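In case you want the letters, here they are:
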Amino acid sequence: MVNCVVVVTRYYGGIKLGTGGLARAYGGAAVEALAQTERKEVIAMTTAKVMCAYDDVGVVYRVAGTFEGVVEMTTDEEIASKGEASLSVQVSASRAGDFAQALCDSTSGRAHVELN
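As the structure is a computational prediction, the values presented were derived from the model and not from experiment. (Residues numbered from 1 in each chain as written. Predicted model: local features only at pLDDT ≥ 70, side-chain atom pairs only at ≥ 80, totals over all residues. Heavy atoms only, no water.)

Caption draft 1: How the structure looks around the overall build of the protein. A count of helices and strands for the protein gives 4 helices and 4 strands. In terms of overall size, the protein is more extended than a compact globule, its C-alpha atoms giving a radius of gyration of 25 Å where 116 residues would be expected to give roughly 13 Å. Along the three orthogonal principal directions, the C-alpha set of the protein runs to about 75 × 25 × 20 Å. By the burial criterion, 26% of the 116 residues in the protein qualify as buried. Across the protein, every contact between residues at least 6 apart in sequence was considered, and the portion connecting residues at least 24 apart equals 66%. Carbon together with sulfur atoms contributes 52% to the accessible area of the protein, which is approximately 8200 Å² in total. Computing the positive centroid from 10 side-chain charges and the negative centroid from 14, the protein places the two 18 Å apart. (Helix = DSSP H or I, 4+ residues; strand = E, 2+ residues; numbered from the N terminus. Rg over C-alpha atoms; globule rule 2.2 N^0.38 Å. Buried < 20%, exposed > 50% of the residue type's maximum accessible area, 1.4 Å probe, protein only. Contact = heavy atoms within 4.5 Å. Areas by Shrake-Rupley, 256 points an atom, 1.4 Å probe, with all protein chains shown as cover. Lys, Arg positive; Asp, Glu negative; His and termini not counted. Charge placed at Lys NZ, Arg CZ, Asp CG, Glu CD.)

Pasting the structure below:
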């Protein structure tokens, strides 16, 4: 577990616990709180900018799906006037290169991918 903060508040009730007692009380409360906490894996993501023919948009969605990517169409008047689609794909940073290669392979090199 990383980047985690536990705050324990003790309202004084007239009993002095001493240094060791406070450490045990705070530590026990923190351990109990962490044991009950839901854990989620955080995956570093990166954005791949994809330019392709409109005929290849379905391929982009299919390949992005195999990499658990999220696709968003972007509006770029200059690119649209050339008959191309512009998309942003959020993919795992560790698999971004594989995504770009798979997309290029699936479109026979017609799709252009720029990784940030």
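Next, the rest of the story.
Caption draft 2: Representation of the packing of aromatic side chains within the structure. Evaluated as defined, the whole model comprises 1 aromatic pair. On the numbers, 5.9 Å between centres and 80 degrees between planes, the contact of F67 with F99 is edge-to-face. Taken as a pair, F67 in the loop between α2 (57-66) and β2 (70-74) and F99 in helix α4 (residues 96-106) lie far apart in primary sequence, 32 residues in all. A relative accessible area of 12% means that F67 is categorised as buried. Judged by its relative accessible area of 0%, F99 falls in the buried class. (Phe/Tyr/Trp six-rings, centres within 6.5 Å; stacked < 30°, edge-to-face > 60°.)

Caption draft 3: Seen up close, the state of the cysteines. Across all of its chains, the model carries 0 disulfides by this definition. Looking at C52, it has no disulfide partner, and the nearest cysteine sulfur is the one in C104, 11 Å off. You can call C104 partly exposed: its relative accessible area is 26%. (Disulfide = S-S within 2.5 Å.)

Caption draft 4: Quick look at α4. Within α4 the residues assigned to the buried category are A96, F99, A100 and L103. The arc enclosing the buried residues of α4, seen along the axis, measures out at 95 degrees, which places them on a common side. Elements that come into contact with the buried residues of α4 comprise β1 (45-53), α2, β3 (84-92) and β4 (112-115). S108 sits one or two positions beyond α4 and adopts a positive phi of about 55 degrees. (Arc of directions from axis to C-beta.)

Caption draft 5: Just the layout of surface pockets, in detail. Here the largest pocket is characterised by a volume of approximately 150 Å³. The wall of the largest pocket is formed by M1, V2, N3, R39, K40 and V42. Along the lines of polarity and charge, the residues of the lining of the largest pocket split into 3 nonpolar, 1 polar and 2 charged. (1 Å grid on protein atoms, 1.4 Å probe; cavity = no way out; pocket = protein on both sides within 12 Å on 5 of 7 lines; lining within 4 Å. Points joined across faces, edges and corners; volume = space filled by probe spheres on them. Nonpolar A, V, L, I, M, F, W, Y, C, P; charged D, E, K, R; others polar.)

Caption draft 6: Up close: the nonpolar core. Counting 18 residues, the largest nonpolar core has V50, C52, V60, L87, V89, F99 and L103 as its most contacted members. Ignoring anything within four residues of it in the chain, the contact list for L87 reads A48, K49, V50, C52, V57, V60, Y61, V71, E72, M73 and T74. (Core = buried A, V, L, I, M, F, W, Y, C linked by side-chain atoms within 4.5 Å.)

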